[in-house]
Amino acid sequence: MDSDTIMEPMDLKVRELLKEVQLDYSSATTKLVDDTVSAIKQAIDTIPEGLKVTADLAPQFVRDIGADKVEFNFKKPKLIEIGGSYSMQCVAKPDVNIDLFVRLPKFECFHEKDYMNHRYHAKRFLYLCIIKKYLNSSSLIQKVEWSTLQNEARKPLLVVHPAMELDEIPSFFVRIIPTATSLFSILKLNMKRNNVRSLKQDESTPQATPKYSSSILEDMFLENNAEFVKQTFLGWKELGEALILLKVWARQRSSIYAHDCLNGFLISVIMAYLATDSGRNLINNSMKPMQIVRLTLDFIASSKLWNSGLYFKSQSLPNISKEELQERKQSLRLFPVVISESLAHFNLVFRITGSGFMELQDEAGLTLSCLDKCKDGGFEEVFLTKIDYPAKYDYCMRLNLKGNSDVHASGFCLDEECWRSFEQKVHSLLLQGLSDRAKFIRVTWKNATSESNVENGLSIFDREPLLIGISISSLEKAFRVVDVGPNAENKDEAVKFRKFWGEKAELRRFKDGTIAESTVWESKQWERHTIIKRITGYLLSRHLSLSERNIVHVVDQLDFSLVHGIGDPISFSGSLLEAFEVLSKRLHLLKDIPLKVSSVQPLDSAFRFTSVFPPEPHPLANEKSSVPRLNKLTSTCIKPLEVMIQLEGSGNWPMDDIAIEKTKSAFLIRIGESLQNNWGILCTATEENVDVLMSGYAFRLKILHERGLSLLNMQNGSNHMKRISSVDKELFIRGQHSSMINGLQGRYPIYGPVVRLAKRWVASHLFSAFLVEEAVELLVAYLFLKPLPFHAPCSRISGFLRFLRLLSEYDWNFSALVVDINGDLSPSDEKEINENFTISRKGYEEFAHNVNPAMFLATAYDKASEAWTRFSPNSSELRRLGAYARSSVNLLTKLIFEGQVDSYRWECLFRTPLNNYDAVILLHREKMPYPQQLLFPSEMNQGKHVARGNASKAFHPFLLPEYMKGNPTDLKDKLLVDFDPLRCFIGDLEKEFPDTFKLWYDSLGGDAIGMVWDRSLSKKRERNEEKEEEKDRVNLLKAVGEVGKGFVRSIYLLKSPRLRN
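None of these values were measured; they are calculated from a predicted model. Every chain's residues receive numbers from 1 upward, in the order its sequence appears when written. Owing to the predicted nature of the model, reporting of local features is limited to residues with pLDDT of at least 70; listing and counting of side-chain atom pairs is limited to 80 or more, with chain, interface and lining totals taken over all residues. The basis for every side-chain value is the complete set of non-hydrogen atoms in the structure, without hydrogens or water.

So, on to the pattern of salt bridges. A pairing counts as a salt bridge when a side-chain nitrogen of Lys or Arg comes within 4 Å of a carboxyl oxygen of Asp or Glu. Enumeration over the complete set of coordinates arrives at 59 salt bridges. Taking the shortest distance from any N to any O, the salt bridge between D978 and R700 comes out at 3.0 Å. Of this pair, D978 sits in the loop between β27 (976–977) and α30 (981–992) while R700 sits in strand β22 (residues 697–703), and the two are 278 residues apart along the sequence. Only protein chains enter the calculation, and the probe is 1.4 Å; a residue is then buried if its accessible area is under 20% of its type maximum, exposed if over 50%, and partly exposed in between. For R700, a relative accessible area of 9% translates into the label buried. Within the structure, one salt-bridge network assembled from shared partners comprises R124, E152, R154, K155, E218, D219 and R351. Counting from the N terminus, the helices are DSSP H or I runs at least four residues long and the strands are E runs at least two residues long.

Now the structure itself:
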């Protein structure tokens, strides 16, 4: 077989991607481009020669940039030609636009000294104003808008939308970009010179204006640079395809595809450097597109040449003089990154900032890791995954600076524009304030919008917010409460420290005897994720005089879903672990039982910090005979926390499963009696369970039979495996899961809060019956273990957003999700998982709606996805889950970008629509066991109200006042362990009405249950039967109300079973 027909999955996908994003240079496309360019040329041709142009066309713009002597007589451009990607056939869809270079006439419109004091920029703009006026009168042009060249307000350009349209490229437009070839002397624009006379270091010393001069040089070299790149790419198919792929890669990464970092032209410049003698021809003709992509990314990420700058070799000047070396050194002092021609007259990357380039190198490095480590060569991670601010950064901030005159107090444009200076000011401030807490700080202010009317001046460029993204270096540093400054003896540094921190600075004596300046950010343990918010808010307010309402931090907006009462119940985890340690020690010390306890392992998610509501210590669940003073809201219920114990080996165990379970019960009762006799611990026993009440908690003991231990040494499917009881198998798997998740939580402390948000979201949208909490823990674990193309999340909101994206975007039909927590899956294990997955997907074509498990979650202890997702969610439930996740992703992303402060909008992430069900049951909130956990009370204002019920008086979630006066024993008898009326009600309904409807509910305190009719009820029927059918449904729902009498508040019928044609 021809080797060309055998393609790796990555190559195959890259081919398909290129087909999708490459512009088809068909006759229709070419005609649209040619006709649009002709229409533009015709409109320019109608402009009268010698037309007098004055500042009156745009007086505010001219005034804002501080220009004078801007009058000139209009002359037609010396040249109008297509440049950029279209001329190289390297356009990447969907952004189809053409760069049209318009060369400004030299002598007729510009004077020799127009390079000074923004005269060039003013005339350049006025020239475009005239062109815009005549383009607007053309019937072939739909509209003309302003934009800017790389977000530079003093360099607007025109965006022309043709009246003609083509379905293949619906958003096509032409950018008219002025060029200034040979307009001024290059020596006059030397980086050392001052060309803006109002800019001075002090009263007498002019300040150099390298950014200003570079802005003019850019236009002067634009045609030459574009032609050089074009000549490098023309006829080299693989190089062009690699450029398109790199554009797709960069566009997915909004933090680097920005005005102060990367754009399509700069990517092509770097590639041209590598493909010519200047870059030692590192890219050669024998390379495939993906090889070129990898080499380019590797060069960006790790080349040491960036330290000395990239210089294109000159054929006419093979040797470098001392003066040229000096020029190069000067460029490196002025700019963090340099790409220039041999003489270093103009730096093509003069806009790239140090922070922007650090981000670029980091992204390139992460992409190389994706290519090496991710499946299918990392295709999805590299080209299809959106890496935007909300998902990438741990902390996002938005500064609303509209109308803030302080931004341009010194003028809109000096060497740099005021917005770029403000970006740097904010970046420097946060960099100093956060110090080693932050790994990256990204500050970008996108100023131009298509609606901008630039003629009215530059004050319009503050409408968009300034965005800040912070990636933290480690949670330990980010959550640090005390920052230590300079020693008290270091007077100069201490003065600087106090000046910077103001009232937050204080002199402290530390344990080692050191006396030093410091700042203290006192926080409760569960509030430490807000320390960075407090630091940044304080600094921005102190140094930039920004009010609190203009600083929007995205940090703690979702905390409301985890908090009730005075704080986050996770704060009680310390006392829970202490209580467990005491229990464990006492169990090990028991001597009056036939077999000693050999090990004790916690199973409940509260022990691994992933329970949404870990229990608070209950005053009645203790060993003391006396009862402490109870508050008014002492809960009637207490949740039991399961603990697995193992006994020492014995050959006297029975062989029958039922007998084994009875023996376990006997052991547990004996253990309970022993605990009670030795330490006075209260124990309660039922036929299934023994609960130990001590130190404020209820511990439910479970015994793993020694035969279950042999699971450790067995392979799935062996004959011996079948002899393991389902109880022992479940206990063993839960034990494995618990210890793995506990280890993961130790490695990633933010894992717990992310899981808690994820569980809260799943429950609040009534998916409790279909996605168990262990499955949620594994899904979130995957984000930390396989974070590429990101770093592992270090904040709860970015982690939660990535969880939602995983749910909505993962290809569950064709991919198993493998969670290798301890990194101990061998190649043979992975092979076994793939085989199990393939078997589960047999017959997918015929039964796509009935694939089990629909969500294939594989782990070291469960290679066939039998433990948590074997039967649910099924395919339809998983699709519904994905749809809800997609909706939440869109809302959360929007909230972060908009810097939304309205709490209701954030709450909408956890508010679920009840109109998506056929019927809805509303429960009495005051009869829920933990009413404080209810997020939002549910109400219905649609559908047919078919049943209403009064609340039962038999149960109260809180101890009644009259009970408080009873003796301790009677009070403790009122305590209900593991009482959950919702669970009982759901069980009764499923038993009473099998195969009638599916129930959707929130196990974490929701007061609504959604009902969906079983498909089998949707039988074929005539129209006149519909009323009878609805009557049956109403009667059925009334029967449901009877089952839940005293607990059900109301029932609404929204839809009868659908008609089937």
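From this point, the discussion proceeds with the structure in view.
Residues K93 and P94 are joined by a peptide bond in cis, for which omega reads 10°. Looking at the element boundaries, P94 is found in the loop between α4 (84–88) and β4 (97–103). That bond from S872 to P873 is cis: its omega, 0°, falls within 30 degrees of zero. By secondary structure assignment, the location of P873 is in the loop between β24 (857–858) and α27 (875–898). The phi torsion at S695 lies on the positive side, around 55°, for a residue other than glycine.

Okay, the packing of helix α15 (residues 418–434) against helix α18 (residues 531–544) next. Viewed as axis vectors pointing N to C, α15 and α18 meet at an angle of 130°, and their least axial separation amounts to 10 Å. In terms of axis orientation, α15 runs oblique to α18. The two elements α15 and α18 cross, and the hand of that crossing is right-handed. Along the contact surface, α15 presents F422, K425, V426, L429, L430, G433 and L434, while α18 presents I532, I535, T536, L539, L540, H543 and L544. When residues are grouped by polarity, Ala, Val, Leu, Ile, Met, Phe, Trp, Tyr, Cys and Pro land in nonpolar, Asp, Glu, Lys and Arg in charged, and all others, Gly among them, in polar. Class assignment of the residues belonging to the contact of α15 with α18 gives a composition of 10 nonpolar, 3 polar and 1 charged. Simply put, an axis is a line fit to the C-alpha atoms, just over the touching stretch for a helix, and the angle between two N-to-C directions goes from 0 to 180 degrees. The scheme is simple: roughly parallel for angles under 35 degrees, roughly antiparallel for over 145, roughly perpendicular for 65 to 115, oblique for anything else. By convention, the crossing between two helices is left-handed when the near helix turns anticlockwise from the far helix through less than a right angle, and right-handed when the turn is clockwise. Whether two residues are in contact is decided by their heavy atoms, any of which lying within 4.5 Å being enough.

This part is about the nonpolar core. By nonpolar core is meant a set of buried Ala, Val, Leu, Ile, Met, Phe, Trp, Tyr and Cys residues that side-chain atoms within 4.5 Å join together. Ranked by internal contacts, the top residues of the largest apolar core, which has 257 residues, are F383, W761 and F803. Here the element with the most residues in this core is helix α6 (residues 119–136); it accounts for 11 residues. If we ignore the near neighbours within four places in the chain, the residues touching F803 are A758, W761, V762, V776, L779, V780 and L783. The next biggest cluster of nonpolar side chains, apart from the first, holds 31 residues, and it includes V597, I681, V690 and I703.

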